[in-house]
Amino acid sequence: MRPRLISLLLLMWLQAVAVAQTKVPAPAEVLGFIPGEDRKLASWSQVVDYFERLDRASDRVIFQTLGNTSMGKPFVMATISAPENLARLEEFRQIQDQLADPRKLGAPATRDRKAAELIKRGKSIVLITCGIHSTEVGSYLSSTLIAHRLASSTEPEIQKVLANTIVLLVPSLNPDGVDIVRNWYDKTLGTPFEGTDPPELYHKYTGHDNNRDWYAFTQVETQLTVDKIHNVWHPQIVHDIHQQGALGSRLFLPPYMPPVEPNVPKLIVAGFTELGNWMAGEMRAKGFQGITTNSTYDAWTPARAYSHYHAGVRMLSETASAKIASPMTLKLEELRSREGYDPQKESPKFGPVWQGGEWHLSDITKYMTTAAFLLLDHASTNREQWLRRFYAIGKEAVRPRRPGELFGFLIEPPQGCVSLMDILKRAGVETTLPKEGTTFKIGRRELPNGTKLVRMDQPYGAFAKAMLEVQRYPNLRDAQGHPIPPYDVTAHTLPLLMGVTVHQVKAPFNYSRATEPITEVPEARDACKAAPRADLPAIYRSSVPSYDEGWTRWIFDSRGMSYGVLGDKELRAGITVYKPSRGVTGKYYVILIPDQSARTLLEGYRAGAMPPEFSGGLGPEGVRHLRDFVETGGTLVFLNRASNFAIEQFKLPLRNVVAGLPRTEFYVPGSILRIELDTSHPLASGMPQQTIAWAEDSPVFEVTDDPNATVPAANVRVIASYPVDKDPLLSGWLLGGDLIKGKAALVEVTMGKGRVILFGFRPQYRAQSEATYPLFFNALSSR
């Protein structure tokens, strides 16, 4: 063979090897299965490995680790676009930054012209977030399918997406939960418990509530997403991929059902309505069934929608679940109505009807990936329209306020450790100080030094307004007159939750100002890290996971508090009160029972639902040992619904006056109520006479003379009660408020040598209700 031919063949072989080495891997080549296969889940390390290989093989992908999760796993993001766009990422980021804050474009008269020039050059920025709720396994698996197609396809529609959009893909907002769910699923595979949820929270602290943290920013995963994605890129569209229950529609897409929180810009509402209806129509045209819009999910709470207050539409999708990764077979008649539609009947909000049958994980990934690529198609086809809408939202936000409009909020300096100002800073809200040597005034009254002004004429003034004002949730009723429940809760007024005084001021508002620059948000101020005075408490951890238990652990851990954890097994075995002065060797003074229903506390999982070691609840033995613990000198603290358990099992001389009432008579679905304190009691030490209570499915107490009670009524001391002559509602929604006037919200019951403290509210609600932290921590101290 001639040397020249040999050289040519060698060159061709080397080129083939190079192509093979850089070939974009399909997910199955790394994971060992095609995402969507029945009974197959990937570990988080496998997902990370796949994206790392994608980064090496494709010039369309940049993969990076943004930080570490609560349990130390890598929190990651892939940036996907055409190679020429990736080479100019900083340029596109700066375009976004200027469009997000039109003040950076110079004088108002020139802004529209400069913005038009930027819009011609800019790209649609789409953030796709997956896997925040880890039992919803379809989305993190779908992230690999979405990434592979974007990284490898030569299809014209994909080339258009790559040319016109920058895709920010987060494979999981909760990487820890990927492995928690996968490990449990694999452990139970082939057993009667296959497809059950794990008997632990799938986020270390918050479980499902990790998607209720988008304004309080307590969790590290939320902080990483906000600090390193949202606030850097200001995406116009956030596609948040979820799953819902198995027995409703096959897919939900926006628009959302009423109400929409009033500070969400109208252009945001128009955006998610247009995009959602278009996606639903296209999917129906492709033959997908069981699709609903304008139902089930509202857009009220900012806790689930950071982007709505930062000029981006939140496109929630909710696909029907299977049994984790195991298939289901459903009959049409088994499907159940959700708010706004009946899945057995076609209607303007639902259709076409899915007739039932097998439902596989592959169905879930097919719905998810189809919806995602339709969204990307719309974002790329309508690139300039999305950028113009984005700029218009910012332009409206920063315009000068007209006479009589809300000019801003004056925030008096908080007392003690309050995170309100840190929250506003993290969200990009600007604060203003008075000029040195002057103070803010309301009328003739001078406000304290350190008072800050939050003006509304700034890009994220709507976020500040939503957080600082009182909510008045609309009294929505169905055709039968029953209250329509909110999807989450109805109140989010941070000054009330955190005990901070604010004042609204109308335009014109004259003052001499000095603007406080936005600084890097500290992880936590030193004062917030300090452990409060408390005896060594133990937190009860039910075998049925409780979000409230997880939030309580986070509060303790974030303050460096020492505590123990007791489960059903330990409490059924018995515990001893810790009294070192008497030489008793027990471990705890105080046991804390977080918010959970009385039935769940007593019985746990129903028989046969979970392996035997997780079944049974506290049971009669646990009740007996808890009673012994109190009577020998211990303190039991029950939070919210758990107080019903104490009343029933200890036969206390108390009655829950709202127990069993229909919603038409009494309803408080997550609201801030007013309570009055007996400040002479040690639990209320240092507290004002009036404070708040976070009420959500909460008991309301009345002292009784029940002859069957184990202690006399004289052993009950009321520490907090609802006012007799004032509306209990401060923010949110309350029906039947007159029923609770004068009734108790916090009581102490003496039993033997110990005491039982019953909170008829959540004093540490989602790590936000800092106004009632003193009551909570005081309850953890021995007398």
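Residues numbered from 1 in each chain as written. Predicted model: local features only at pLDDT ≥ 70, side-chain atom pairs only at ≥ 80, totals over all residues. Heavy atoms only, no water.

Engineer: What's the story with helix α9 (residues 175-188) in this structure? I'm lost.
Structural biologist: Residue pairs spaced three or four apart in an α-helix point in one direction, given the helix's 3.6 residues per turn. With 14 residues, α9 ought to run about 20 Å at 1.5 Å a step, and its terminal C-alpha atoms sit 21 Å apart, in line with that. Of all 14 residues in α9, ten are buried; the element is thus mostly enclosed. Every buried residue belonging to α9 is among Pro-175, Asp-176, Gly-177, Val-178, Asp-179, Ile-180, Val-181, Trp-184, Tyr-185 and Thr-188, and all of these are buried. One or two positions beyond α9, positive phi appears at Gly-190, with a value near 85°. (Helix = DSSP H or I, 4+ residues; strand = E, 2+ residues; numbered from the N terminus. Expected span 1.5 Å × (residues − 1). Buried < 20%, exposed > 50% of the residue type's maximum accessible area, 1.4 Å probe, protein only.)

Engineer: When you look at the sheet that holds strand β8 (residues 291-293) in this model, what are you seeing that I'm missing?
Structural biologist: Pairing between sheet strands relies on hydrogen bonds along the backbone, with the strands arranged either parallel or antiparallel. Taking strand neighbours across the sheet as the criterion, the nine strands line up as β1-β2-β4-β3-β5-β10-β6-β8-β12 in an open arrangement whose pairing is mixed. Every interior strand has two partners, whereas the edge strands, β1 (61-68) and β12 (350-351), have only one. (Pairing = 2+ DSSP bridges.)

Engineer: Teacher, can you tell me more about the pairing of strand β25 (residues 590-593) here?
Structural biologist: Consecutive side chains of a regular strand alternate in pointing toward one face of the sheet and then the other. Burial along β25 is two-sided: the residues Val-590 and Leu-592 and Ile-591 and Ile-593 are all buried. Where strand β21 (residues 537-540) lies against β25, three bridges are found, and the strand directions are parallel. In the sheet register, Ile-539 faces β25, and the bridge partner there is Leu-592. Two strands pair when backbone bridges link them, and β25 and strand β26 (residues 635-639) are joined in this way by four bridges, in the parallel orientation. Looking at β26, one finds that Leu-592 is bridged to Val-637.

Engineer: Explain helix α11 (residues 266-285) to me, please; I cannot follow it from the model alone.
Structural biologist: Between the first and last C-alpha of α11 there are 29 Å, a value that for 20 residues agrees with the 28 Å anticipated at 1.5 Å per step. For α11, the complete set of buried residues consists of Ile-268, Gly-271, Phe-272, Leu-275, Gly-276, Met-279, Ala-280 and Met-283. The arc that holds every buried residue of α11, seen down its axis, measures 140°, which confines them to one face. Exposed residues lying more than 90 degrees from the buried face of α11 are Lys-266 and Ala-285. Taken from the residues just after α11, Gly-287 is the one with a positive phi, measuring 100°. (Arc of directions from axis to C-beta.)

Engineer: I keep staring at the environment of Glu-570 and nothing clicks. Help me out?
Structural biologist: Looking at where Glu-570 falls in the secondary structure, it is placed in helix α19 (residues 568-573). Glu-570 gets classed as partly exposed once you look at its relative accessible area, which sits at 38%. A polar contact of 2.8 Å, which involves the side chain of Glu-570, links it to the backbone nitrogen of Gly-567. (Polar contact = N/O pair within 3.5 Å; in protein donor to acceptor, adjacent residues only side chain to side chain.)

Engineer: Please clarify how the packing of aromatic side chains should be interpreted in this entry.
Structural biologist: Scanning the model with the defined rule gives 28 aromatic pairs in all. A centroid spacing of 5.6 Å and a plane angle of 20° characterise the contact between Phe-51 and Phe-63, whose relative ring orientation is stacked. In this pair, Phe-51 is assigned in helix α3 (residues 44-57) and Phe-63 in strand β1, connecting sequence segments twelve residues apart. Note on Phe-51: relative accessible area 0%, which makes it buried. Classification of Phe-63 as buried rests on a relative accessible area of 13%. Following the ring pairs from residue to residue traces out a cluster consisting of Phe-252, Tyr-256, Phe-272, Tyr-297 and Tyr-487. (Phe/Tyr/Trp six-rings, centres within 6.5 Å; stacked < 30°, edge-to-face > 60°.)

Engineer: For this particular structure, what's the right way to read the packing of helix α7 (residues 138-152) against helix α12 (residues 361-381)?
Structural biologist: Packed helices, taken two at a time, are described by the angle between their axes plus the distance between the axes. Taken N-terminus to C-terminus, the directions of α7 and α12 make an angle of 50°; their axes are 9 Å apart at the nearest point. Judged by the inter-axis angle, α7 sits oblique to α12. In the crossing of α7 with α12, the sense of the turn from one axis to the other is right-handed. Packed against α7, whose contacting residues are Gly-138, Ser-139, Leu-141, Ser-142, Leu-145, Ile-146, Arg-149 and Leu-150, the element α12 presents Leu-361, Ile-364, Thr-365, Met-368, Thr-369, Ala-372, Phe-373 and Leu-376 at the interface. Considering only residue class, the contact of α7 with α12 consists of ten nonpolar, five polar and one charged. (Axes fitted to C-alpha atoms, helices over the stretch in contact; angles between N-to-C directions. Parallel < 35°, antiparallel > 145°, perpendicular 65-115°, else oblique. Left-handed = near helix turned anticlockwise from the far one by under 90°. Contact = heavy atoms within 4.5 Å. Nonpolar A, V, L, I, M, F, W, Y, C, P; charged D, E, K, R; others polar.)

Engineer: Got a minute to help me understand the environment of Ser-172 in this structure?
Structural biologist: Mapped onto the fold, Ser-172 is located in the loop between β4 (165-170) and α9. Using a relative accessible area of 0% as the deciding quantity, one classes Ser-172 as buried. Spatially, the C-alpha atom of Ser-172 lies 8.7 Å from that of Met-77, the residues being 95 residues apart in sequence. Apart from residues no more than four positions distant in its own chain, Ser-172 is found in contact with Trp-44, Phe-75, Cys-130, Gly-131 and Val-178. A polar atom in the side chain of Ser-172 sits 3.3 Å from the backbone oxygen of Gly-131. Here the side chain of Ser-172 touches Asn-174 through a polar contact of 3.0 Å, landing on its backbone nitrogen.

Engineer: Looking at this structure, how should I read the pattern of salt bridges?
Structural biologist: A side chain with one charge can pair with a side chain of the opposite charge if their charged atoms come near. Counted under the stated rule, the structure contains 46 salt bridges. The residue Arg-655 makes a salt bridge to Glu-702 at a minimum N-O spacing of 2.9 Å. In this pair, Arg-655 is assigned in strand β27 (residues 654-656) and Glu-702 in strand β30 (residues 701-703), connecting sequence segments 47 residues apart. Taking relative accessible area as the criterion, Arg-655 reaches 42% and is therefore assigned partly exposed. Connected through salt bridges with shared partners, the residues Asp-209, Arg-212, Asp-488 and Arg-766 form a single ionic network. (Salt bridge = Lys/Arg side-chain N within 4 Å of Asp/Glu carboxyl O.)

Engineer: What is the right way to look at the side chain of His-625 in this model?
Structural biologist: Structurally, His-625 can be placed in helix α21 (residues 619-631). There is a polar contact of 3.1 Å between the side chain of His-625 and the backbone oxygen of Arg-572. In contact with His-625, other than residues within four places in its own chain, are Leu-571, Arg-572, Ala-573, Gly-574 and Ile-575.

Engineer: Before we go on, may I ask you to explain the nonpolar core in this structure?
Structural biologist: The nonpolar side chains of a soluble globular protein tend to be buried with one another. Counting residues in hydrophobic clusters, the biggest one holds 151 residues, and the most contacted among them are Leu-150 and Phe-463. Not counting the four nearest positions on each side in its chain, Leu-150 is found in contact with Arg-60, Ile-80, Ile-158, Val-161, Leu-162, Val-167, Phe-373 and Leu-376. By size, the runner-up hydrophobic cluster in this structure holds 42 residues, among which are Tyr-205, Phe-666, Leu-734 and Leu-780. (Core = buried A, V, L, I, M, F, W, Y, C linked by side-chain atoms within 4.5 Å.)

Engineer: Honestly, unusual backbone geometry in this entry has me stumped. Any pointers?
Structural biologist: Omega for the peptide link from Pro-258 to Pro-259 comes to 5°, which places this bond in the cis form. For Pro-259, the position within the fold is in strand β7 (residues 257-260). A cis geometry characterises the amide bond from Ala-507 onward to Pro-508, with omega recorded as -5°. Here Pro-508 is to be found in the loop between β19 (502-506) and β20 (513-516). You will see that Arg-39, though not glycine, has its phi angle at about 65°, which is positive. As for its position among the elements, Arg-39 is in the loop between α2 (27-31) and α3. You can call Arg-39 partly exposed: its relative accessible area is 37%. Unlike most non-glycine residues, Ala-311 shows phi in positive territory, near 70°. Structurally, the position occupied by Ala-311 is in the loop between β9 (298-299) and β10 (313-320).

Engineer: Even after reading the chapter, I still don't get the confidence of the model for the protein, so can you show me in this structure?
Structural biologist: Detailed reading of the predicted coordinates is not advisable wherever pLDDT falls low. Confidence in the prediction of the protein, expressed as mean pLDDT, is 93, and 92% of residues score 70 or more. Here residues 8-21 is modelled with pLDDT under 50, and outside its nearest four sequence neighbours on either side it reaches one contact, counting other chains as well. A low-confidence stretch, residues 514-527 stays under pLDDT 50, and its non-local contacts, those more than four residues away or across chains, total 25 contacts. (pLDDT = per-residue confidence, 0-100.)

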